[in-house]
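Structural overview for review
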Amino acid sequence: MTDLIERPDSDEAAAPPPEETAPVFKPTRRRRRDYGAMLGAAWIGVVVIAAITANWLPLPDPNEVTDTFSKPPSWGSHLLGTDSLGRDTLSRCIFGARVSMAVAIGGTAMSLVIGVALGMIAGYFRGAKDGAISLLINFLLAFPPLIFLIALVAALRPNLSTLVFGLALLGIPNFARVARATTIAFAEREFVTAAKALGARPVRILTRELLVNVMLPVMSLALVVMATLVVAEGSLSFLGLGVPPPTPSWGGMLAAGRESLSEHPHLMFVPALFFFLTVFSFNRLGDWARGRVGRESSL
Amino acid sequence: MSVGMRVDRVNGMAESSPPATLLEVRELKVWFDTSRGMVRAVDGVDLSLRPGETLGVVGESGSGKSVLSRAIMKILAPSARVLRGSEIRLNGIDLSTVSPKQNKHLWGVDLAMVFQDPMTSLTPVVTIGKQLTETLRFHLGLDREQAKAEAIRLLTLVGIPEPAKRFHQYPHNLSGGMRQRVTIALAISCSPKLLIADEPTTALDVTVQHQILNLLQELQAKSGMGMILITHDLGVVAGRTDSIAVMYAGRVVERAPTRRLFSHMRHPYTRALIDAIPRLTDPSHTRLASIPGRPAVIVDPPPGCSFAPRCPSAQERCLHETPALQITADAPDHTAACFFPIGTPAGDAARRSNAEAGVTAAGTRVAQEVS
Amino acid sequence: MARFLLLLLLVSIAVFMLLELIPGDPVDALVPEGATPEMREQVRELYGLNDPLLQRYASWLGGVLQGDFGRSFQTRLPVAEAIAERAPVSLELAVLAMVVALAISVPVGVWSAYRPGGWVDRVATLVTSATLATPSFVLGILLVYVFGVQLKVLPILGWVPFSQDPVQHFSHLVLPVLTLAAGECVLFTRLLRGDMLATLQQDHVLSARARGLPTWRILARHALRQSSFSLVTVSGVVIGRLIGGTVIVESIFSLPGMGSLVVNAIISRDFIVVQSVVLLTALIYLLMNTLVDLTYPLLDPRVRKATS
């Protein structure tokens, strides 16, 4: 723009803009609360707390076999019914949540730490480090996600820790890409140049100056990755390649429920509902977080 | 033809014969529904344009001039609300009553528009020839051969060398100036009655700006279409328009025939705009004149004149009352919205007293005036 | 291209190492229980398991390059044959799913962007966010329950070859393809809607409107064509998801594709089959991604100019 008039005024004689011209911000009058995200947060909160405290909750043992087989959900004992072996569905769902949440939170945390570290190093130093890290990321991305997991569980016997590890590997490229792009964008900013001029070492700049800015978009990504990992773990369990029985998992319950779909559809619907609500909640929270990040930084 | 119209108007028959005014805008209000509140982009604009006439609309970025042009074209963004009571008439037809289907035959044929940035106003993935011929074939019902011949004629008309070669090229193969010529060819392809040019030269090099403006003027003279030339630069419209409307914060603050506006401007804002034009006679390294403060924010504006906070003439009254557009004492076709117009005793007194006090009623500091 | 070859090399090494990493002696899978140490040693020698690592990798890679993936531990048949037999099933599933997803998402995405907040947009938003939260294995079973168990209008299990009965062939494919397409449909619709929303506000679209061109032409020629580039860019990712997705779908609907092959192979610890399928899918995925990168400039005249 070659606008003469619009040019920001640097004349000292010019008065600061008086009160009247200051932008009138309407305090969030029209921004309705995001009830979907709030409900999502509530659901995740309940699931996480239930998964942690499952041992102390008044629940029957998830692997305790009773003689009420495939009872549909109803009030009284066995709120969500029992499975074909007479095990309590609610209890299995809550203990199954341990697998899902361990994967979602543990796997995401692990891939976040590794991915962000790699991405920031690549984005800050560029050059050979960037090339090597990019190659590693591309290598991880060279496998279709589920095939990658299948190959991993084939090599490492499936148990909770190898699952978390495998799923964490799956999430690394996402975090690395976002962290790298954000680091590149911020590395040119004045506050980074200033820190460099003051003699700050790269480690200090990366952790003190850049990390905060990188974390903002990364956190909203983390919620989306959690949703993906819950689904990925579900897929493996559904295929019978997840945590080995009898440890309950939602995917395993769903696979078992499929066997008696026409007679006892609730065996499928209950775990399906847990999946739906959990993934939906993570997605809504992710949308909400992305909306907030979009407003606070223009990245 | 236009002479006859003017006779009509002089005879007082303008009301009964609609073609006397090509475009009539009354009380146009376009507000935007944003998260920060209602932005009053256009807040009560009246305009009229006779066939063959050129109107310059001048204002800073954000003064609502682009929204005005888009409202006339009916291509406002979905978040825009045209308020009730707004009226836009083209040849006497209220555009709000035109159905979307009829709109298709209004656009291009009656109304056309040249956009600001030729880099973005041509579809990048469609050849220039195809963009021209699809318009011609749709509106004029030409067949493939005729459309191609006409397209090449248009490209020649707007001064594009090697039109037959350009016909098969994509927009990115052309320079900015050439692209703007193509958009002009597109706009005039169906001989519109009104052409709106929204900052047609802002995105171009200075040397190309003149060529494009001259081309527009030339085409207008040949076809006799009405034209609205929108710009932030008074210099652009100075020699090329019949009259000028100055916009500020969504309103027209002054409207006058071009010559008159430059010689007898009434509104302090117009004066500030004119002062901001750099002159060849200025000694080099003269600090460019600028208007203090920022353009008014038009979200739920407070009462009072929106220019008052930046106005060297502002008085107590300007902070509480909104001035309406009024005919100035000396000419019926010169209107201004100011309580203390420049060149009147009241206005001069207001300016002088502010200059002496060193501060206006709005609290803006003013320097001692040289002139 | 150099990057592609380098990645290919890394992938092949990783896939080869997969077999090495598997805990336990591979000979266990090759010899009957209670085999004498002498027998084991013979088998070792026969399969070249005593050779140094690099040599084994070289001979394995040489075989793979000639289309010889080795023989299944389980059936003793060449793995290449098993794959050749099953690949067409997965391929047909993936291609049909892609076609269905595009056929649904393009009109929906375009119209949602054209009339944001309209009923098409609102319904689409609702359906996409619900589908997004429904993993494919849940959706597949749900479809089986609704159409197969409750309504009894569609077959739910199995595969009928096209040559045997074309109608049955396709009716058996409806639910699997829908399951597979749903996720991609959501991705395409969201992407296209967002992209179109931005494109529709660009000057060149406004300019086309201001010339009075018909709506469908503006949408198709002046907006969609530009927005479709992002569809092409993600199609590489989509192919990867489809390859993974067929595993789930084949398992739900008992279809004899590569997916069920690999799952059965893992369960029966037939690792050479797993290795071959992983290698092959990674190869296809890499190839498709590279292809997407290469076709991109052919579509966009601006990039075409920049690269030529």
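Residues numbered from 1 in each chain as written. Chains lettered and ligands numbered in written order. Predicted model: local features only at pLDDT ≥ 70, side-chain atom pairs only at ≥ 80, totals over all residues. Heavy atoms only, no water.

This part covers the interface of chain B and chain C. Contact residues are listed per partner, giving 29 residues for chain B and 23 residues for chain C. Both faces combined, the contact of chain B with chain C buries some 2,400 Å², and carbon together with sulfur accounts for 58% of it. Contact with chain C buries area across many residues of chain B, yet V125, E134 and H172 of chain B alone supply 25% of it, more than any other trio. In this structure, the salt-bridge partner of R217 of chain C is E134 of chain B, at a minimum N-O distance of 3.3 Å. Counting the contacts that link chain B with chain C gives 13 residue pairs in polar contact (both at pLDDT 80 or more). Mapped by element, the contributors of at least two residues to the side of chain B that touches chain C are α2 (65-73) and α4 (128-140) of chain B. The dominant element in the side of chain B that touches chain C, judged by the number of residues it contributes, is α4 of chain B, at 6 residues. Broken down by class, the residue content of the side of chain B that touches chain C amounts to 14 nonpolar, 9 polar and 6 charged. (Contact = heavy atoms within 4.5 Å. Buried area = accessible area lost by both parts, 1.4 Å probe. Salt bridge = Lys/Arg side-chain N within 4 Å of Asp/Glu carboxyl O. Polar contact = N/O pair within 3.5 Å; in protein donor to acceptor, adjacent residues only side chain to side chain. Helix = DSSP H or I, 4+ residues; strand = E, 2+ residues; numbered from the N terminus. Nonpolar A, V, L, I, M, F, W, Y, C, P; charged D, E, K, R; others polar.)

A few words on the UniProt feature "domain: ABC transmembrane type-1" (unreviewed entry) in chain C. UniProt records the feature "domain: ABC transmembrane type-1" (unreviewed entry) at residues 87-296 of chain C, using the numbering of this structure. Along residues 87-296 of chain C the backbone is 83% helical and 0% strand, and the end-to-end C-alpha distance reaches 27 Å. (UniProt positions renumbered as here; feature names shortened; annotations may be inferred.)

This paragraph deals with the domain arrangement of chain C. Residues and elements named next belong to chain C. Here the domain parsing of chain C yields domain 1 (2-65) and domain 2 (79-307). For domain 1 and domain 2, the distance between their C-alpha centres works out to 36 Å. Taken together, the contact between domain 1 and domain 2 spans 13 residues of the former and 12 residues of the latter. Buried surface at the junction of domain 1 and domain 2, summed over both partners, amounts to about 1,100 Å²; 84% is from carbon and sulfur atoms. Counting across the domain 1 and domain 2 interface gives 0 salt bridges. At the level of elements, α1 (2-21) and α4 (53-65) are the ones that each hand at least two residues to the side of domain 1 that touches domain 2. Top contributing element to the side of domain 1 that touches domain 2 by residue count: α1, with 10 residues. (Domains from an automatic or database assignment.)

This part takes up the domain arrangement of chain B. Residues and elements named next belong to chain B. Here the domain parsing of chain B yields domain 1 (19-110 + 193-205 + 221-263), domain 2 (120-191) and domain 3 (301-371). In this structure, domain 1 and domain 3 have C-alpha centres spaced 26 Å apart. Each side of the interface is counted separately: domain 1 has 12 residues, and domain 3 has 13 residues. Contact between domain 1 and domain 3 buries roughly 1,100 Å² in total, counting both sides, with carbon and sulfur atoms accounting for 48%. The largest share of the area that domain 1 buries against domain 3 comes from Y248, R255 and R260, three residues that together contribute 44% of it. Remark: the boundary between domain 1 and domain 3 carries 1 salt bridge. A salt bridge links E60 to R310; its shortest N-O distance comes to 3.2 Å. Counting every contact that joins domain 1 to domain 3 gives 6 residue pairs in polar contact (both at pLDDT 80 or more).

Now for the packing of aromatic side chains. Per the counting criterion, the structure on display carries 19 aromatic pairs over all chains. With a centroid separation of 5.1 Å and 85° between ring planes, the pair formed by F269 of chain A and Y145 of chain C is classed as edge-to-face. In this pair, F269 of chain A sits in helix α9 (residues 266-296) while Y145 of chain C sits in helix α7 (residues 136-150), so the two residues belong to two different chains. Judged by its relative accessible area of 13%, Y145 of chain C falls in the buried class. (Phe/Tyr/Trp six-rings, centres within 6.5 Å; stacked < 30°, edge-to-face > 60°. Buried < 20%, exposed > 50% of the residue type's maximum accessible area, 1.4 Å probe, protein only.)

A few words on the UniProt feature "domain: ABC transporter" (unreviewed entry) in chain B. Cross-referencing UniProt, the feature "domain: ABC transporter" (unreviewed entry) maps to residues 25-274 of chain B in the present numbering. Span residues 25-274 of chain B is 38% helix and 26% strand, its end C-alpha atoms 26 Å apart.

All names here are of chain B. In terms of burial, strand β8 (residues 194-198) is a largely internal element, 5 of the 5 residues being buried. Across 4 bridges, strand β7 (residues 111-114) lies against β8 in parallel orientation. Counterpart to A112 in the pairing with β8 is L195. In this structure, β8 lies alongside strand β9 (residues 226-231), joined through 5 bridges in parallel fashion. Residue I196 lies in a different strand from β9, and its bridge partner there is I228. (Pairing = 2+ DSSP bridges.)

Once that is clear, we can look at the sheet that holds strand β12 (residues 326-327) of chain B. Note: strands within a sheet are paired through backbone hydrogen bonds, in either parallel or antiparallel orientation. All names here are of chain B. Overall, mixed pairing links the 8 strands, which are arranged β7-β8-β9-β3-β10-β11-β13-β12 in an open sheet. Whereas interior strands pair on both sides, the edge strands pair on one side only; in this sheet they are β7 and β12. Strands β7 and β8 of the sheet are contacted by helix α7 (residues 176-188), whose axis makes an angle of about 175° with β7. (Axes fitted to C-alpha atoms, helices over the stretch in contact; angles between N-to-C directions.)

Now for the interface of chain A and chain C. Facing 35 residues of chain A, the contacting portion of chain C comprises 44 residues. In this assembly, chain A packs against chain C so that about 3,500 Å² is buried in total across both faces, 81% of it on carbon and sulfur atoms. Seen at the junction of chain A and chain C, the total is 0 salt bridges. Taken together, the links from chain A to chain C amount to 1 residue pair in polar contact (both at pLDDT 80 or more). Breaking the side of chain A that touches chain C down by element, the ones donating at least two residues are α3 (127-141), α4 (145-155), α7 (202-238), α8 (250-259) and α9 of chain A. In terms of residue count, the dominant contributor to the side of chain A that touches chain C is α9 of chain A (9 residues).

The subject of this paragraph is a positive patch on the surface. On the surface, a cluster of positive charge is made up of K130, R137 and R144 of chain B together with R225 of chain C. The residue K130 of chain B is located in helix α4 in this model. (Patch = residues over 30% accessible without salt bridge, like charges linked within 9 Å, V, L, I, M, F, W, Y side chains within 5 Å. Areas by Shrake-Rupley, 256 points an atom, 1.4 Å probe, with all protein chains shown as cover. Lys, Arg positive; Asp, Glu negative; His and termini not counted. Charge placed at Lys NZ, Arg CZ, Asp CG, Glu CD.)

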